[in-house]
Amino acid sequence: MMRQRAARLFLIAALSAPGASARAQEAVVVPSIEVVGDPDPTPDRTAPRSVRGDRVSEPAVLEAPDGPAAAVARLPSVQVLSVGGPGQAAVVAVRGTDPSATLTTLDGVPLNSPFLGGADLSALALVPLDTLDVVRGGRSASHGTDAVGGVVAARTLDPLDGPDTRASLTAGSFSTVRLKASHAHVWEVGPHDVGMLVGGGLMASDGAFEFVDTNGIRRVRDHSATLGFQGMGRVAARLSGGHRIDGMVEGALGRRQIAGLEQYPSTTARQQDTRVVTRVAWEGPRLFGDSGWTRASAFYRRLGFAYQDSAPPSGPPTATTLIAHGVGVDAATEGRLHPWVALGAGMDAGHDLGEARRLGARPGAPSRTTVSGRIRGRFGPPSDRFETTLDLRVGWDQGFGVRAIPALGVRYDPWGPLRLFANVSRGFRLPTLEELHFDAGFVQGNPNLAPEDALTWDAGVELGHGRPWGVTATYFENRVRNLILFLPRSAFLVRAENSGGAVVRGVELQARWAWRWFDLRAAYTFLDARFGDTGLRMPQRPAHEVQGTASVRLGPVGISAMPGWRSGVFLDRFESLSEEARFRLDARLDWAFSSLLSLSVDAMNLTDKRDGVDHLQRPLPGRSVFLTIRGRR
Amino acid sequence: MMRFCRSLLLGGAALAWLALAGCEPMPDAMLRPDGGGAWRDGAAPSDSGDDRLPPTNFAAPEGLAVAGDYLVVANSRYGFDGAGLVFREGFATVVDRRTARVVNRIPLAAKNAQVVATGTDRVWILCSGQTRFDGALVIPDGEGALVGIPLAGLATADAPDRVIRLPLDPSRPLVGYPSSLAIVGDRAWMGSGTAAALFQADLGAGRLVRGPDNPVLLGAAGDQDTLTVIPGSPGRLIAASFNRDRVWVLDAVTGAPIDGLSFEVGVSGSMDGILAAAWRPDGPPNLYLLLGMASRIAAVTFGAGTPQVFGNFAGTGSLPNSLLLDGDRLLILNSGDNNVRAIDAATGVELAFWASLPLSSNPYGMAVGDVAGGGRRLYVTGLMSNAVYVFDAGPGVVPGGQHQEIR
């Protein structure tokens, strides 16, 4: 298991009584003391410990100038598909799936767009994040639709971890400026603790960058500016009797200029994204058994997407607005009935209501309701040397009937640092509302689509569990049926169809070593993703990818080098168009020059590769440098 | 405290809701007619006074052909008016290749001029007519026409002197919209862009021999398809289906398929989409097929037995649209990349030659021709830029971005 988090202890001889006007003593900065522990090995609390996952929690990484997507890009089997440039869209795909088959959540609220599928991680760049967890493998048994490849769970700062005040200012390439701030405070109210967190941020970037196009011509990528705002408030209370309640309101607005295709650039296309997330949750003691827990939550989520182009390179003016309202409730409980047996049960329900409006087309209001119940059994001795987890979800999805989603996980620790694990599960993804109902004349959705259905499994070994060093090797497979693709029906018409399916096989290798002031991490992923019908490779899935981080920390100064290499990929379904292999070197310098302030300098794409393209053959930026001043108290 | 927190949450939620509720731009409210989008057409927005000719020399130019000292370009004049596709009467632009100047524009009295081919004494221009979309099928919505202009009168003609119309047949609603042209002797074969049908015209007599009422059918008349047709070996015709990735060798007189010479190309189970073809008499290979959806070239060698198909003869760039055999090399026009690349016709190996066009020009068709002094020129139409680009295509020359622009 990789080391998830390192805790640093700073001794500060400052006294400050809450609400008092006590005089603070002079702060004394002493060398940091690293405490290496084995934190919660399963980032996703709902996931069995046999499931592979990683947690990103370092502020400098979470707040990387190129957004949260970059924070997870160095993890095995995680692929970031980005448009390029600060603030532009970046979606994540895990274990060779599509972004729409990777579920992203914010404090448990699903962020995948019911219309478009997937979630734009760059839209979380201003959120005061505490952790970003990536769980790999099919998680539909616990999360429902979209969690075929895995789950990316973003968690905001916990108000009850306060007092905590943070602010960061980033400036750098492409005329980018980003300001984030948050404040958490805790009050003791009788026997209870009440915490409140407020935070927000803004970001602006000109976005223009130089690149070399397909024809070898040096050009400037214009019309790529972004502007974003975000704000949130969160209140949590720890009540006597082991209860906790939590409430959150979060909103974000992002505006982007869309530069268009490399050879057909746009100077008029624009996009606006909005997000409102409200959530209330309660956590309390077990309902049965010797130990356990009970949870309930409800959310409302509104995702808005608006795209307009008054003068596209070809065709009439276009404008589309998609608004998705979603509500959901979830309740679950688990109790240990026997030293070897814990049982749990839960239910969840959700409703999505969409509003689709297009210039020149009739408005639509698609909707969808889902209801499911689930049970869980965890079996294993009190010594915790092994554990078997069995999940079963039975769900009804409006328009698609009832389906049972089982999952089985096994973990065995035969000897201290050695862990063996295996998981198998069924996964599914409901068609998005656009895949079902999209109609732009010659490109159409298909209301008769069936959900994608997958069998996923993995197995592996971890050596160094609980140690400052470790190696993990995992083999995995995803076998997907009814893969949804937009396919040509003739020379004129393209329509969403359930194609034959796909098989994705892969190997993940992770290694880590921490020694005094030196930290080394590496991840290698082998991916063989092929269409079932033709046996041809799926586009945008590199066969080989290596990511590494080598860090040195000497006192208050830390230097990290982050090389990454990816083999060439095909850009189409026929293995005809390809993008060459790509090497990229990033670096970071951190300097904590006081207990309150730190400075980071991030340099990305140091080799200044300017002819790379994204999954839609749009250019990616060359070298960039950003400076971040970070304050925390 | 709890009431305060609850109030804060509710208030914040309400504010957020109100703020964002008014934030989404709605399509109906924007892009009003007075400022609502550009007229995206080969014709300029002011192209409304004269239905026969626009004020510009080119209007959505597509096919072109070299005819002696002239270059003849077919202007389709299709575009978008508001939200709908509009087809106007096409016209031919005649360019003097010696001076690179437009010397004549000839209205064609037929819609959607797409293809140009040079016959013995005339230039023939295929006007496909217009179509409508019923939500599932593209249906011909007007007659097509094959018009002829005498070679001797290209610089001065004000109209075609031969017009062979292809009226629709109501009993075969998909059969029509001729979109590919092959001239074999005094016969013209045309492939339908909407069905698996071939039409034939007698160029000498100037009459339609097989039209939409009695086509050569290579599939069900009620199924959408697109046929590309080119001359093959002497006495033979090549027809290829976009939807089925199937090729036929036909008798050039009767249009009847030759037994044993029908085969499929491309990846089984997928629509690779045969968009264009080229015949090489000095093969092997003999036949090249541009698979537009698959972005590659398939090559076929004909011998004594079954034709040998090399499904992955060469790759192309993005959104390939046209193919042209030029001596020992095959020129490939990539609309998505705004360039023309070349491969060795015998081996499929990519050659150094490349010609790049300006951004957003959307190259559509190409032609090559020798010029006085031993040079050779490549001519490429820019569908969205309303221009023709001229490149030096002499032996060993790599023009890159250097070109002459004719507007």
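Quick caveat: nothing in here was measured; it's all calculated off a predicted structure. (Residues numbered from 1 in each chain as written. Chains lettered and ligands numbered in written order. Predicted model: local features only at pLDDT ≥ 70, side-chain atom pairs only at ≥ 80, totals over all residues. Heavy atoms only, no water.)

Some thoughts on the overall build of chain A
Here comes step 1: Looking only at helices and strands, chain A has four helices and 38 strands in total.
Here comes step 2: Since a compact globule built from 633 residues should have a radius of gyration of about 26 Å, the 24 Å found for chain A is in line with a globular shape.
Here comes step 3: Counting contacts in chain A only where the partners sit at least 6 residues apart, residues at least 24 apart contribute 61% of the total.
Here comes step 4: Element-wise, carbon and sulfur atoms account for 61% of the exposed surface of chain A, whose accessible area totals about 25100 Å².
Here comes step 5: Mean positive and mean negative side-chain charge positions of chain A (71 and 65 charges, respectively) differ by 2 Å. (Helix = DSSP H or I, 4+ residues; strand = E, 2+ residues; numbered from the N terminus. Rg over C-alpha atoms; globule rule 2.2 N^0.38 Å. Contact = heavy atoms within 4.5 Å. Areas by Shrake-Rupley, 256 points an atom, 1.4 Å probe, with all protein chains shown as cover. Lys, Arg positive; Asp, Glu negative; His and termini not counted. Charge placed at Lys NZ, Arg CZ, Asp CG, Glu CD.)

Considering the confidence of the model for chain A
Here comes step 1: Per-residue confidence for chain A gives a mean pLDDT of 90, with 93% of residues at or over 70.
Here comes step 2: The model gives residues 32-43 of chain A a pLDDT under 50, and that stretch makes 31 contacts with residues more than four places away or in other chains. (pLDDT = per-residue confidence, 0-100.)

Observations concerning the pairing of strand β7 (residues 113-118) of chain B
Residues and elements named next belong to chain B.
Here comes step 1: The element β7 is extensively covered by neighbouring structure, given that five of its six residues are classed as buried.
Here comes step 2: Pairing of β7 with strand β8 (residues 122-127), which is carried by five bridges, proceeds in the antiparallel orientation. Note that in β8 the partner of T118 across the bridge is V123.
Here comes step 3: Linking two consecutive strands that pair antiparallel, namely β7 and β8, is a turn of three residues. (Buried < 20%, exposed > 50% of the residue type's maximum accessible area, 1.4 Å probe, protein only. Pairing = 2+ DSSP bridges.)

Focus on the interface of chain A and chain B
Here comes step 1: On the chain B side, the residues contacting the 65 residues of chain A number 61 residues.
Here comes step 2: Area buried by chain A at its contact with chain B is led by N215, Y264 and F574 of chain A, which between them contribute 13% of it.
Here comes step 3: Between the two partners, chain A and chain B, sit zero salt bridges.
Here comes step 4: Our enumeration of links across chain A and chain B arrives at 12 residue pairs in polar contact (both at pLDDT 80 or more).
Here comes step 5: Broken down by secondary-structure element, the contributors of at least two residues to the side of chain A that touches chain B are β11 (176-189), β12 (192-205), β16 (243-257), β17 (270-284), β18 (292-309), β19 (318-338) and β20 (341-358) of chain A.
Here comes step 6: Here the side of chain A that touches chain B is built from residues that sort into 33 nonpolar, 22 polar and 10 charged. (Buried area = accessible area lost by both parts, 1.4 Å probe. Salt bridge = Lys/Arg side-chain N within 4 Å of Asp/Glu carboxyl O. Polar contact = N/O pair within 3.5 Å; in protein donor to acceptor, adjacent residues only side chain to side chain. Nonpolar A, V, L, I, M, F, W, Y, C, P; charged D, E, K, R; others polar.)

Describing the sheet that holds strand β29 (residues 494-498) of chain A
Here comes step 1: Taken together, three strands build an open sheet; the order of strands is β25-β29-β28 (chain A) and the sheet is mixed. With partners counted over all chains shown, the strands left at the sheet margins are β25 (443-444) and β28 (484-488) of chain A, one partner each.

Examining unusual backbone geometry
The phi angle of most residues is negative, glycine excepted, and most peptide bonds adopt the trans form.
Here comes step 1: Residues G283 of chain B and P284 of chain B are joined by a peptide bond in cis, for which omega reads 15 degrees.
Here comes step 2: Along the polypeptide, P284 of chain B turns up in the loop between β22 (274-279) and β23 (287-291).
Here comes step 3: For N482 of chain A, which is not glycine, the phi torsion reads 60 degrees and is therefore positive.
Here comes step 4: Following the sequence through the fold, N482 of chain A ends up in the loop between β27 (469-481) and β28.
Here comes step 5: Classification of N482 of chain A by relative accessible area gives partly exposed; the value is 23%.
Here comes step 6: Backbone geometry places D608 of chain A, a non-glycine residue, at a positive phi of 60 degrees.
Here comes step 7: The residue D608 of chain A is located in the loop between β37 (597-604) and β38 (624-632) in this model.

Considerations on the sheet that holds β7 of chain B
All names here are of chain B.
Here comes step 1: Within the open sheet, the four strands sit side by side as β7-β8-β11-β12. Their pairing is antiparallel. Looking along the sheet, the strands with just one partner apiece sit at the ends: β7 and β12 (162-166). The average angle at which neighbouring strand axes cross in this sheet is 20 degrees, direction not considered.
Here comes step 2: Summarising the sheet, β8 and strand β11 (residues 144-150) pair through six bridges and their orientation is antiparallel. (Axes fitted to C-alpha atoms, helices over the stretch in contact; angles between N-to-C directions.)

Points about the pattern of salt bridges
All names here are of chain A.
Here comes step 1: Applying the stated rule across the entire model yields 74 salt bridges over all chains.
Here comes step 2: Linking D391 and R376 is a salt bridge whose minimum nitrogen-to-oxygen distance equals 2.6 Å. Of this pair, D391 sits in strand β22 (residues 386-397) while R376 sits in strand β21 (residues 367-379), placing them 15 residues apart in sequence. Assigned by exposure class, D391 and R376 land together as buried.

As for the side chain of Q79 of chain A
Residues and elements named next belong to chain A.
Here comes step 1: With respect to the secondary-structure elements, Q79 resides in strand β4 (residues 78-82).
Here comes step 2: Of the residues examined, Q79 reaches a relative accessible area of 11% and is grouped as buried.
Here comes step 3: Looking at Q79, its side chain comes within polar contact range of the main-chain oxygen of Q540, at 2.2 Å.

Describing a nonpolar patch on the surface
All names here are of chain A.
Here comes step 1: Judged by side-chain polarity, L169, V177, L179, L202, L227, F229, W591, F593, L596, L597, L627 and I629 come together as a nonpolar surface patch covering roughly 980 Å² of accessible area.
Here comes step 2: Looking at the nonpolar patch, the elements with two or more residues in it are β11, β15 (226-239) and β38.
Here comes step 3: Summarising the element assignment, L227 is placed in strand β15.
Here comes step 4: On the basis of relative accessibility, which here comes to 35%, the residue L227 falls in the partly exposed class. (Patch = residues over 30% accessible without salt bridge, like charges linked within 9 Å, V, L, I, M, F, W, Y side chains within 5 Å.)

Side note on the packing of aromatic side chains
Here comes step 1: Taken as a whole and assessed by the stated rule, the structure comprises 16 aromatic pairs over all chains.
Here comes step 2: Ring geometry for W279 of chain B and F302 of chain B: centres 5.7 Å apart, planes at 45 degrees, overall tilted. Here F302 of chain B lies in the loop between β24 (296-301) and β25 (308-315) and W279 of chain B lies in strand β22, a separation of 23 residues in the sequence.
Here comes step 3: Three or more aromatic residues joined by ring pairs make a cluster, and in this case those are F174, F209, F211 and F626 of chain A.
Here comes step 4: Positioned over the ring face of Y70 of chain B is R98 of chain B, at 6.0 Å from the centre of the ring. (Phe/Tyr/Trp six-rings, centres within 6.5 Å; stacked < 30°, edge-to-face > 60°. Lys NZ or Arg CZ within 6 Å of the ring centre and 35° of its normal.)

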